[in-house]
Amino acid sequence: MAHVVLTDLVKTYGNFKAVNDVTLTVGDGEFVALVGPSGCGKTTTLNLIAGLIPITSGEIAIGDRVVNDVDPKDRDIAMVFQNYALYPQKSVYKNLAFPLQMRKLPRAEIDRKVKDAARVLDMTHLLERKPRELSGGQQQRVALGRALVRDPAVFLMDEPLSNLDAKLRVQMRSEIKRFHQDLKATIIYVTHDQLEAVTMADRMAVMKGGFLQQYDSPAQVFAHPVNMFVASFIGSPAMSLIPVEARTVDGRAVLTGAEGWTMALSPLNARKVRNSTTKKVVLGARHSTIKLHRNAMPDAIPAKAYTVEPTGDVTFVQALLSGATVNISVPPNVVVQPDEPIWLEFDQERLHLFDGETEIALMAD
Ligand SMILES: Nc1ncnc2c1ncn2[C@@H]1O[C@H](COP(=O)(O)OP(=O)(O)OP(=O)(O)O)[C@@H](O)[C@H]1O
Ligand SMILES: [Mg+2]
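Residues numbered from 1 in each chain as written. Chains lettered and ligands numbered in written order. Predicted model: local features only at pLDDT ≥ 70, side-chain atom pairs only at ≥ 80, totals over all residues. Heavy atoms only, no water.

## Points about the overall build of the protein chain
Note the threshold: In this description a helix means any DSSP run of H or I spanning at least four residues, a strand means any run of E spanning at least two, and both kinds are numbered starting from the N terminus. Residue exposure (1.4 Å probe, protein chains only): buried if accessible area is under 20% of the type maximum, exposed if over 50%, otherwise partly exposed. For every accessible area listed, the method is Shrake-Rupley and the probe measures 1.4 Å; residues are considered covered only by the protein chains on display.
Counting secondary structure elements, the protein chain contains 9 helices and 20 strands. Projected onto its principal axes, the C-alpha coordinates of the protein chain cover approximately 80 × 45 × 35 Å. By residue count, 50% of the 365 residues in the protein chain fall in the buried class. Carbon and sulfur atoms form 51% of the exposed surface of the protein chain, whose accessible area is close to 17,600 Å².

Laid out in structure tokens, this is it:
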């Protein structure tokens, strides 16, 4: 296995920058997810690493070797795509063996590698089947196996699960994670599904518009999103982002909402707000950090339930506040009616504050 280092990587199409100065190191044996909305440059980044498209500028190193001018087939990588493109007429065994035959490996070595891969992926019993005789998940496993037999320095995967139904996707998610743990493989995994990235990756690279926004462990990105985009992209239901104004009332820092309510800030949050470039601040809160009360409480903000969505384990209540939709989760036994008055208590310790102009997370000095 090997590490991968991208330095100031740029890909332009005409005057459009699909990948904009991306710098990022993937450690040896690390599982990194490239995640972001459609069109943000994930596939382009992966294809640049694979050498399938030429880079405009920057540098790509795999292991200790700069591969800018190295042919894709000599980069020691294996790709797994969304459409697994198995040979329909060949058995699973032959599908796995084919890339090795192309490399003219001795027959005994091919046989050993194919059987090893089949064992790792728990598909020894499927080796004589044709792809059409396999389920979607089994086909995806063969596609993984075909990458595995090549014993590459790096696995590159582009939305490998997106053709599977929801249940199978969850199952394959843990299988790929297991595959990574067992092999200590270096994996760069592209997905637009933030949940896949959060659940599988050691680190996630969140992209938007060709720019790398944040690169950190899922826990860090979740707890400390660097800006409003990352805050709203990671986590489901999305973090609520409420536009407010920072004021000082009787010497105390408060936030005020469009409806006229005020929220006193903790000393730490007051210090953060002081660093805003404008009085306009955005208050961010995840659903689990807002307490819903059915009676007026000190420090709780009056609102009105808008929609109520029971999911079985947990009920999601949406409320409107200062023109924003606020998501709150409550236990299923709490029954709230739409249009019912509610009071929202925000956990000061787990509040996020963003500059209303730059949308960047506010930090205390
Ligand atoms: N050959 C090309 N010529 C011009 N523009 C391109 C080309 N390939 C990609 N792009 C543009 O570059 C941007 C990034 O594309 P890319 O395929 O990397 O997105 P993505 O993040 O993988 O999106 P998705 O989640 O939809 O797969 C898009 O705006 C796309 O339209
Ligand atoms: Mg893509």
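## Description of the nonpolar core
Rules: Joining through side-chain atoms within 4.5 Å is the link that ties buried Ala, Val, Leu, Ile, Met, Phe, Trp, Tyr and Cys residues into a set, and such a set is a nonpolar core. Residue contacts are defined here by distance: any two heavy atoms, one from each residue, within 4.5 Å place the two residues in contact.
In this structure, Phe155, Met157 and Val206 are the most contacted members of the largest nonpolar core, which totals 49 residues. In this view, Phe155 contacts Met1, Ala78, Ala147, Leu148, Phe179, Ala185, Thr186, Ile187 and Ile188; residues no more than four positions away in its chain are not counted. The next biggest cluster of nonpolar side chains, apart from the first, holds 31 residues, and it includes Ala246, Trp261, Met263 and Ile342.

## Observations concerning the pattern of salt bridges
Oppositely charged side chains can pair when the atoms bearing their charge come close. Note the threshold: Should a side-chain nitrogen of Lys or Arg be within 4 Å of a carboxyl oxygen of Asp or Glu, the pair is scored as a salt bridge.
Taken as a whole and assessed by the stated rule, the structure comprises 12 salt bridges. In this structure, Arg203 and Glu30 form a salt bridge, with 2.6 Å as the shortest nitrogen-oxygen distance. Placement of the pair is Arg203 in strand 9 (residues 203-208) and Glu30 in the loop between strand 2 (16-26) and strand 3 (31-35), with a sequence separation of 173 residues. The class for Glu30 is buried, based on a relative accessible area of 12%. The shortest N-O distance in the salt bridge between Arg141 and Glu175 comes to 3.1 Å. One end of the pair, Arg141, is in helix 4 (residues 136-148); the other, Glu175, is in helix 5 (residues 166-183), and 34 residues separate them in sequence. Note on Arg141: relative accessible area 11%, which makes it buried. Under the relative-accessibility criterion, Glu175 is labelled partly exposed at 26%. Put simply, Asp71, Lys73 and Asp74 are held in one network by salt bridges that share partners.

## Brief notes about the site of ligand 1
The criterion, for reference: Distances are taken per atom, and a residue is near a molecule or strand as soon as one of its heavy atoms is within 4 Å of it. In protein, a polar contact requires one atom able to donate a hydrogen and another able to accept it; more generally it is a pair of N or O atoms within 3.5 Å, and residues adjacent in sequence count only if both atoms are side-chain atoms. Under this grouping Gly is polar, as are all residues other than the nonpolar Ala, Val, Leu, Ile, Met, Phe, Trp, Tyr, Cys and Pro and the charged Asp, Glu, Lys and Arg.
Close contacts around ligand 1 come from Tyr13, Phe16, Ala18, Pro37, Ser38, Gly39, Cys40, Gly41, Lys42, Thr43, Thr44 and Glu159, and that covers them all. A distance of 2.8 Å separates an oxygen atom of ligand 1 from a polar backbone atom of Gly39. Within the side chain of Thr44, one N or O atom sits 2.5 Å away from an oxygen atom of ligand 1. Where the shell around ligand 1 is concerned, the elements lending two or more residues are strand 2 and helix 1 (42-50). Split into classes, the residues belonging to the shell around ligand 1 amount to 5 nonpolar, 5 polar and 2 charged.

## Regarding the packing of aromatic side chains
Put simply, the rule is: When the centres of two rings from Phe, Tyr and Trp lie within 6.5 Å, Trp using its six-membered ring, the rings pair. Their planes under 30 degrees apart give stacked, over 60 give edge-to-face, and anything left gives tilted.
Counting across every chain of the model gives 4 aromatic pairs. Geometrically, the ring pair formed by Phe31 and Tyr189 is tilted, given 5.6 Å between the ring centres and 45 degrees between the ring planes. Taken together, the residues span a long stretch of sequence, with Phe31 in strand 3 and Tyr189 in strand 8 (residues 187-191) at a distance of 158 residues. Accessibility classification places Phe31 together with Tyr189 in one group, the buried group. For the ring pair Phe155 and Phe179, a centre distance of 5.3 Å and an interplane angle of 75 degrees mean the geometry is edge-to-face. Residue Phe155 is located in strand 7 (residues 154-158), and its partner Phe179 is located in helix 5; the two are separated by 24 residues in the primary sequence.

## A look at the environment of Asp339
Among the structural elements, Asp339 can be located in the loop between strand 18 (324-330) and strand 19 (341-346). Not counting residues within four places of it along the chain, the set of residues in contact with Asp339 comprises Lys304 and Ala305.

## Some thoughts on the pairing of strand 18
If a strand is regular, its side chains alternate between the two faces of the sheet. Put simply, the test is: Note on pairing: DSSP must find at least two bridges between two strands before they are called paired.
Of all the 7 residues making up strand 18, 6 are buried; the element is thus mostly covered by neighbouring parts of the structure. Two elements, strand 17 (residues 315-321) and strand 18, share 7 bridges in a ladder whose sense is antiparallel. Residue pairing across strands places Leu320 opposite Thr325, the latter belonging to strand 18. Hairpin connection between strand 17 and strand 18: a loop of 2 residues separates the two successive antiparallel strands, and Ser322 in this loop has a positive phi of roughly 50 degrees.

## Overview of the sheet that holds strand 3
Counted only if it meets this: Every axis corresponds to a line fitted to the C-alpha atoms, with the helix fit spanning only the stretch in contact, and the corresponding angles, defined between N-to-C directions, vary from 0 to 180 degrees.
The strand order across the open sheet built from 6 strands is 6-7-8-3-9-10, with neighbouring strands paired in mixed fashion. The open sheet has two edge strands with one neighbour each: strand 6 (77-80) and strand 10 (211-216). Each adjacent strand pair in this sheet contributes to an overall mean axis angle of 20 degrees, direction not counted. When strand 6 meets strand 7, the two strands line up parallel, connected through 4 bridges.

## Quick look at the side chain of Arg286
With respect to the helices and strands, Arg286 occurs in the loop between strand 14 (280-285) and strand 15 (290-293). Setting aside its immediate chain neighbours within four residues, Arg286 contacts Phe222, Pro225, Ala231, Ile234, Gly235 and Met239.

## Focus: unusual backbone geometry
Residue Pro237 is reached from Ser236 by a cis peptide bond, and omega for that bond is -5 degrees. By the element assignment, Pro237 lies in the loop between helix 8 (228-233) and strand 11 (240-249). With a phi close to 60 degrees, Lys104 is a non-glycine residue in the positive phi region. For Lys104, a relative accessible area of 70% translates into the label exposed.

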